[in-house]
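# Chains, contacts and geometry: an overview
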Amino acid sequence: SRLGCEGGLMFVPLNAWAPDEDPTIPGIITDCTNLVPSKRGYKSAPTGSVTGLPALAAECRGAAMVTKIDGSNILYAGTQTKIYKAGVTSWTDVSRITSDYTGSSSSRWRFAQQGNITFAVQKTDISQFFGAAATDFADLAAMPKANLVETWGNFVVVADYNNGTDTPDGYATSAIADYTNWTASVTTQCVYGRLYDTPGGCSGLKAVGDYLCVFKKRSFYLGRYVGSPSVIEFSLISSIIGAVSQESIVRVGQILYFVGDDNIWAFDTASTTPIGEPIRSFFNGDCNNLYRNLTKGQHDRINGIVYWFYARSPSVTTNAFIAYNYRTNKWGKGTVSVEATTEYIVPASDYDTLNAAYTTYDAFPSGSYDSISQSGDSPLPAYFDTAHQIRTFTGSNSTYELVTGDYGMDGEISLVQRVRPRYHDTPASSVLTNYYKDNEGSALTVGVATTENNGKYDLLRSARWHRAKLAGSGDMEISGLDITAKNAGRE
């Protein structure tokens, strides 16, 4: 990108973090930390905000916010041996009363809701259900043990199941409108089937519109209801594209966004679109691909962002994220350690419950005056941290970094004199470091670090190519940089 060769002021937009693209493309952000795309540009990523609920007794192995027929919402969370139900300030153990669950070193709970009935599965233990008038989960022995569960119309569906025979590539439906009946029958439309056109076991199961998607690691199928005797008719959508895990699939309206083994995709029941091209090489190199199946997705409905938390190499636990704004088709990234993701609806509180949840002002959720009392029906993105405590992903940002692309021209020396960020939300503090080089293919040299003075950074740097890193703390939103530069010689 040519930089003010005749002198004067130049506006440099900050259009997109695209680490795989040519760094001289105007508006490119080459690197960032704790930065997510917004409608006006980019903003500092949120941090976790406390909810008033205490930590679970052990690692969270899956959680879900479910909605009953009357519109009430219930948050469930599972550990290896227990399932808990959230109150305003405490968790209630709602595990089956007969015995703790066994689980395994890697087992994960998956939940689904049909009417007032909640289902919970992990293949090591008997499938569980929470009845309309129940106080605890209970065994649903007729339902196969399974790794995946979904509700689809009048059916409960499982995949990667074991009903005496382990069937990783199999699926099964309950009898229509009867979740207690799992005996195969043309009359009741309870069916068992296998998807063996492609190799491997089922890794994901999601209803979208009138369809049912079943994923493997490198393929996926679209099912539609056809009635007896087949009940579901599956079409192979792709024999090379799949989803690495159930948690990596995020449903947004009629679109499924999911992480595959070499790219990130969007599927709208008609076409499959690769959305990860600008960051594909980065993500494939940054992710510990041996643990790519640990990837966990999350939807921020308010800001139109899908987060994927993943294990950054060489880590074996999820400690970083990429963020896709589907309204602007732009990416961001950051770091946070996560055990599980879910949505959270802040319960309405009176002074008694507020006092129990937040014993000091410091413990009260961070955020603006207008946002700290959110309650009622707006689901917030949330996660369990490594202390097993649930946090909403809405807290004020702590630190961030943004690195621009390269600005200049091969046959021209330019003198950069000043950089003024075009903020829409000014950070609490920030520093600009300039980088420079004389040939685009050469390594960058680190220049000086300049603190902000009256909304600008003053510097003097002559070079053919310039790059800048902005590092700061606090809530921030930015759309570009006003750069003052002049010609300093030609060749």
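Residues numbered from 1 in each chain as written. Predicted model: local features only at pLDDT ≥ 70, side-chain atom pairs only at ≥ 80, totals over all residues. Heavy atoms only, no water.

## Here we look at the nonpolar core
- Within the largest apolar cluster, 44 residues are counted, with the highest numbers of intra-cluster contacts made by Ile-264, Trp-308, Ile-322, Trp-331 and Ile-478.
- In terms of residue count, strand 41 (residues 477-490) provides more of this core than any other element does, four residues in total. (Core = buried A, V, L, I, M, F, W, Y, C linked by side-chain atoms within 4.5 Å. Buried < 20%, exposed > 50% of the residue type's maximum accessible area, 1.4 Å probe, protein only. Helix = DSSP H or I, 4+ residues; strand = E, 2+ residues; numbered from the N terminus.)

## A closer look at the confidence of the model for the protein chain
- Of all residues in the protein chain, 92% attain a pLDDT of 70 or more, and the chain-wide mean is 92.
- This model gives residues 349-354 a pLDDT under 50, and the stretch forms five contacts once residues within four places in sequence are excluded.
- Residue range residues 364-375 is modelled with pLDDT below 50. Its contacts to residues more than four positions away, or to other chains, number 20 contacts. (pLDDT = per-residue confidence, 0-100. Contact = heavy atoms within 4.5 Å.)

## Digging into the sheet that holds strand 12 (residues 117-121)
- Reading across from one edge, 11-12-13-14 is the order of the four strands in this open sheet, with antiparallel pairing throughout. Here the strands that pair on one side only, and so sit at the sheet edges, are strand 11 (110-114) and strand 14 (138-139).
- Of the strand pairs in this sheet, strand 12 and strand 13 (residues 128-130) are connected by three bridges, and their pairing is antiparallel. Pairing of Ala-120 across the sheet is with Gln-128, part of strand 13. (Pairing = 2+ DSSP bridges.)

## Structural notes on the pairing of strand 20 (residues 211-216)
- Extensive coverage of strand 20 is indicated by the burial of five of its six residues.
- Summarising the sheet, strand 19 (residues 202-208) and strand 20 pair through six bridges and their orientation is antiparallel. Each bridged residue has a counterpart across the sheet, and for Leu-205 the counterpart in strand 20 is Val-214.
- Where strand 19 folds back on strand 20, the antiparallel hairpin that results is connected by two residues, among which Gly-209 adopts a positive phi of roughly 60 degrees.
- With five bridges joining them, strand 20 and strand 21 (residues 219-227) adopt antiparallel strand pairing.

## Considering the sheet that holds strand 20
- Read from one edge of the open sheet, four strands run 19-20-21-22, paired in antiparallel fashion. Strands at the two margins of the open sheet, each flanked by one partner only, are strand 19 and strand 22 (231-238). For this sheet the average axis-to-axis angle between neighbouring strands, irrespective of direction, equals 25 degrees. (Axes fitted to C-alpha atoms, helices over the stretch in contact; angles between N-to-C directions.)

## Let's talk about unusual backbone geometry
- A cis geometry characterises the amide bond from Ser-228 onward to Pro-229, with omega recorded as 5 degrees.
- One can find Pro-229 in the loop between strand 21 and strand 22.
- Here the residue pair Ser-313 and Pro-314 is connected by a cis peptide bond, since its omega of 10 degrees sits within 30 degrees of zero.
- Here Asn-329, not a glycine, exhibits a phi torsion of approximately 60 degrees, which is positive.
- As for its position among the elements, Asn-329 is in the loop between strand 29 (320-325) and strand 30 (330-335).
- Of note in the backbone geometry, Asn-454 takes a positive phi value of approximately 60 degrees without being a glycine.
- Within the secondary structure, Asn-454 is located in the loop between strand 38 (445-451) and strand 39 (457-463).

## A few points about the pattern of salt bridges
- Going through the model one piece at a time under the given rule, you end up with 25 salt bridges.
- The partner of Asp-458 in a salt bridge is Lys-456, and the shortest N-O contact between them spans 3.0 Å.
- Among the residues examined, Asp-458 registers a relative accessible area of 32% and is labelled partly exposed.
- A relative accessible area of 11% places Lys-456 in the buried class.
- Among the charged side chains, a network of salt bridges with common partners joins Asp-406, Lys-437, Glu-440 and Arg-467. (Salt bridge = Lys/Arg side-chain N within 4 Å of Asp/Glu carboxyl O.)

## Comments concerning empty space enclosed by the protein
- Evaluation of the coordinates by the stated rule reveals two cavities of 30 Å³ or more.
- Of the voids in this model, the largest cavity is the one considered here, and its volume is about 130 Å³.
- Residue lining of the largest cavity: 15 residues in total, with Val-419, His-466, Arg-467, Ala-468 and Ile-483 positioned closest to the centre.
- The set of elements that each furnish at least two residues to the lining of the largest cavity consists of strand 36 (412-425), strand 37 (429-437), strand 39, strand 40 (465-473) and strand 41. (1 Å grid on protein atoms, 1.4 Å probe; cavity = no way out; pocket = protein on both sides within 12 Å on 5 of 7 lines; lining within 4 Å. Points joined across faces, edges and corners; volume = space filled by probe spheres on them.)

## Focus: the pairing of strand 15 (residues 145-152)
- Counted residue by residue, strand 15 has six buried out of eight residues, so it is predominantly covered.
- With seven bridges connecting them, strand 15 and strand 16 (residues 155-162) associate as antiparallel partners. Looking across to strand 16, one finds that Lys-145 is bridged to Asn-162.
- Hairpin connection, strand 15 to strand 16: the antiparallel pair is bridged by two residues, and Gly-153 has positive phi, about 60 degrees.

## Concerning a nonpolar patch on the surface
- Where nonpolar side chains cluster on the molecular surface, the patch consists of Leu-290, Tyr-291 and Val-316 and spans about 310 Å² of accessible area.
- Considering the arrangement of structural elements, one finds Val-316 in the loop between strand 28 (305-310) and strand 29.
- The class for Val-316 is partly exposed, based on a relative accessible area of 44%. (Patch = residues over 30% accessible without salt bridge, like charges linked within 9 Å, V, L, I, M, F, W, Y side chains within 5 Å. Areas by Shrake-Rupley, 256 points an atom, 1.4 Å probe, with all protein chains shown as cover.)

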